[in-house]
Amino acid sequence: MSVSRWDPRGDMVSLREAMDSLVAESFVRPGQAAGGSAALALDIREEGDNYIVTAPVPGMEPDDVEITVLGDSLRIRGERREKHEEQGQNNRWLVREQRYGVFERSVRLPSTVRADEANAEFKDGILTITLPKSEEAKERRIRVRGGSSGQNKPQEVPVESGGA
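The sections below set out a description of the structure shown in this document. On a predicted model such as this, the values are computed, not experimentally measured, just so you know.

Some details on the side chain of Asp72
Turning to step 1, where the next piece is worked out: Take Asp72: it is sitting in the loop between strand E3 (65-70) and strand E4 (73-80).
Turning to step 2, where the next piece is worked out: Judged by its relative accessible area of 18%, Asp72 is buried.
Turning to step 3, where the next piece is worked out: One polar contact links Asp72 to Arg108, side chain to side chain, over a distance of 2.9 Å.
Turning to step 4, where the next piece is worked out: Non-local contacts of Asp72, meaning those with residues more than four positions away in its chain, are made with Val107, Arg108, Leu109, Ser111 and Thr112.

Shown next, in the form of structure tokens:
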């Protein structure tokens, strides 16, 4: 039986390497979703009684994008197809960063929407989706009546919404 001397630095290096590889493997790089397909960046804002969703989709046609709404969930799915260019003997890629292929993005909205009244349009490479809020999700004023002081005259008091 041989006796070896314990070196604490040796264990520290291997622990550091293990942590580095764990961190590197557990994060999804920007521009990629799980499974390797391209992710879609979204901006969502509330504008009156509507939610407005915008997403950059340059070079795509309206038929290449599918939008579905169910309750408070929005799903945008599409495919950006690569345009094949002739590659001759003198042509070769030097840099190729554009992403092609299928993308899908699902988000939950703060409340349900009226999908039958939704609108989507393309303009300058930007997809804009207008989703009207359902009646239950709209802000309402509640009348406050006078208490025991003898005043029964109703007064309107604005109710603040918890904005997103």
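Focus on the environment of Ser106
Turning to step 1, where the next piece is worked out: Tracing the sequence through the fold places Ser106 in strand E5 (residues 101-108).
Turning to step 2, where the next piece is worked out: Residue Ser106 is classed as partly exposed on the basis of its relative accessible area of 47%.
Turning to step 3, where the next piece is worked out: Remark: the alpha-carbon pair of Ser106 and Arg77, spanning 29 residues in sequence, is separated by 8.5 Å.

Here we look at the environment of Asp43
Turning to step 1, where the next piece is worked out: Mapping Asp43 onto the fold places it in strand E1 (residues 43-47).
Turning to step 2, where the next piece is worked out: Each C-alpha atom, one on Asp43 and one on Val53, is 5.6 Å from the other, the two residues being 10 residues apart in sequence.
Turning to step 3, where the next piece is worked out: Contact partners of Asp43, with chain neighbours within four places excluded, come to Ile52, Val53 and Thr54.

Some thoughts on the pattern of salt bridges
Side chains carrying opposite charge are able to pair once their charged atoms draw close together.
Turning to step 1, where the next piece is worked out: Following the criterion strictly, the structure yields 10 salt bridges and no others.
Turning to step 2, where the next piece is worked out: Ionic pairing is found between Glu46 and Lys133, a salt bridge with its closest N-O pair at 2.2 Å. Residue Glu46 is found in strand E1, and its partner Lys133 is found in the loop between strand E7 (126-132) and strand E8 (142-144); the two are separated by 87 residues along the sequence.
Turning to step 3, where the next piece is worked out: Since its relative accessible area comes to 39%, Glu46 is described here as partly exposed.

Reading guide: rules and limits
The numbers attached to residues start from 1 for each chain and follow its sequence in the written order. Only residues with pLDDT of 70 or above have their local features reported here, since the model is predicted, and side-chain atom pairs are shown and tallied only from 80 upward, although totals for entire chains, interfaces and linings are computed over all residues. Excluded from the side-chain calculation are hydrogens and water; included are all heavy atoms of the structure. Going along the chain from the N terminus, every DSSP run of H or I of four or more residues is numbered as a helix, and every run of E of two or more is numbered as a strand. Exposure classes here rest on a 1.4 Å probe applied to the protein chains alone. A residue is buried below 20% of its type maximum, exposed above 50%, and partly exposed in between. Two N or O atoms form a polar contact when they lie within 3.5 Å of each other; inside protein one atom must be a possible hydrogen donor and the other a possible acceptor, and for residues adjacent in sequence the pair counts only when both atoms belong to side chains. Any two residues having at least one pair of non-hydrogen atoms within 4.5 Å are treated as being in contact. A side-chain nitrogen of Lys or Arg and a carboxyl oxygen of Asp or Glu constitute a salt bridge if their distance falls within 4 Å.

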